[in-house]
Amino acid sequence: MAEGASERISINGCSINLAKGGSGPTMLYLHGAGGSKGWMPFMDQLSDRFTVLAPDHPGFGLSDTPEWLDNMNDLIFSISTCWNSSISGMPISLAIRWVGGSPPSSPSAAPDVSGR
């Protein structure tokens, strides 16, 4: 599979870069605290079996830094909104790289994403 194509989506007025490639069930890849590294070789492998969505979080990579981004709850809001605007209602696999800090303590922090 060739490198994923980028598109722009808007989250609460913030322009977000979303890399997308492949076909099949949806997999949402969330980069860690080190930021987005663009479309990576492992995403090519995943895109053979999945439609891979890899957004740059607000303030990272090619995404804008919105005034409303102050803390982890704001980041969870943006992830939830990205899910709702891109793949709502579809089964989803989630791949997370969380380097530094702690991931959200519970999926219930974003019930519309986790289904809890």
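Above this note sits the structure.
The shown structure was predicted, so the numbers you read here are calculated from the model rather than taken from an experiment. Every residue gets a number counted from 1 within its own chain, in the order that chain's sequence is written. Given that this is a predicted model, residues contribute local features only at a pLDDT of at least 70 and side-chain atom pairs are listed and counted only at 80 or more, while totals for whole chains, interfaces and linings are drawn from all residues. Each side-chain value is derived from all of the structure's non-hydrogen atoms; neither hydrogens nor water enter the calculation.

### Brief notes about the side chain of N17
Item 1. Segments assigned H or I by DSSP are reported as helices when at least four residues long, segments assigned E as strands when at least two residues long, and all are numbered from the N terminus. Residue position: N17 is located in strand 2 (residues 14-22).
Item 2. Working definition: with a 1.4 Å probe on protein chains only, accessible area under 20% of the residue-type maximum means buried, over 50% means exposed, and in between means partly exposed. Classification of N17 as buried rests on a relative accessible area of 6%.
Item 3. When neighbours within four sequence positions are excluded, N17 is seen to be in contact with S6, E7, R8, A54, P55, D56, L62 and S63. Residue contacts are defined here by distance: any two heavy atoms, one from each residue, within 4.5 Å place the two residues in contact.

### Topic: the pairing of strand 3 (residues 26-30)
Item 1. Within strand 3, 5 of the 5 residues are buried, which leaves it mostly tucked inside the rest of the structure.
Item 2. Across the two faces of strand 3 the burial is the same, with T26, L28 and L30 and M27 and Y29 all buried.
Item 3. One requirement defines pairing of two strands: DSSP has to find at least two bridges between them. Looking at chain direction, strand 3 and strand 4 (residues 51-55) are connected through 3 bridges and run parallel. Following the sheet pairing, L28 is matched in strand 4 by L53.
Item 4. If you view a crossover with the strands going away from you and the path from the first strand over the helix to the second runs clockwise, you call it right-handed. Handedness of the crossover joining strand 3 and strand 4 through helix 1 (residues 41-46) is recorded here as right-handed.

### Describing the side chain of S63
Item 1. Tracing the sequence through the fold places S63 in the loop between strand 4 and helix 2 (72-87).
Item 2. A 3.5 Å cut-off defines polar contacts: any pair of N or O atoms within that distance qualifies, except that in protein one atom must be a possible hydrogen donor and the other a possible acceptor, and neighbouring residues in sequence count only when both atoms are side-chain atoms. Among the polar contacts listed, one links the side chain of S63 to the backbone oxygen of D56, at a separation of 2.7 Å.

### Some thoughts on the packing of aromatic side chains
Item 1. Between the rings of Phe, Tyr and Trp (Trp by its six-membered ring), a pair exists once the centres lie within 6.5 Å; its type follows the angle of the planes, with under 30 degrees stacked, over 60 edge-to-face, and the other angles tilted. On inspection of all chains with the given rule, the structure shows 2 aromatic pairs.
Item 2. Arranged with centres 5.4 Å apart and planes meeting at 65 degrees, the rings of Y29 and F42 form a pair that is edge-to-face. On the criterion of sequence distance, the pair formed by Y29 in strand 3 and F42 in helix 1 is long-range, its members being 13 residues apart.
Item 3. Classification of F42 by relative accessible area gives partly exposed; the value is 32%.
Item 4. Seen from their ring centres, W68 and F77 are 5.7 Å apart, and the 90 degrees between their planes marks the pair as edge-to-face.
Item 5. Judged by its relative accessible area of 39%, F77 is partly exposed.

### Section: the nonpolar core
Item 1. To qualify as a nonpolar core, a set must consist of buried Ala, Val, Leu, Ile, Met, Phe, Trp, Tyr and Cys residues joined through side-chain atoms within 4.5 Å. The biggest cluster of nonpolar side chains holds 11 residues, and these are I9, I11, C14, I16, L18, L28, L30, L53, W68, L75 and I79.
Item 2. At the level of elements, strand 1 (5-11), strand 2, strand 3 and helix 2 are the ones that each hand at least two residues to this core.
Item 3. In this structure, W39, M40, F50 and V52 belong to the second largest nonpolar core, which totals 10 residues.

### Some thoughts on the environment of E7
Item 1. Here E7 lies in strand 1.
Item 2. On the basis of relative accessibility, which here comes to 35%, the residue E7 falls in the partly exposed class.
Item 3. Sequence-distant contacts of E7, defined by excluding residues within four places in its chain, comprise I16, N17, L18 and K20.

### Points about the pairing of strand 2
Item 1. Sheet topology places strand 1 next to strand 2; 7 bridges connect them, and they run antiparallel. If you follow A5 over to strand 2, its bridge partner there is K20.
Item 2. Counted along the chain from strand 1 to the antiparallel partner strand 2, the turn is 2 residues long, and its residue N12 has a positive phi close to 50 degrees.
Item 3. The sheet contact formed by strand 2 and strand 4 spans 5 bridges and is antiparallel. In the sheet register, K20 faces strand 4, and the bridge partner there is L53.

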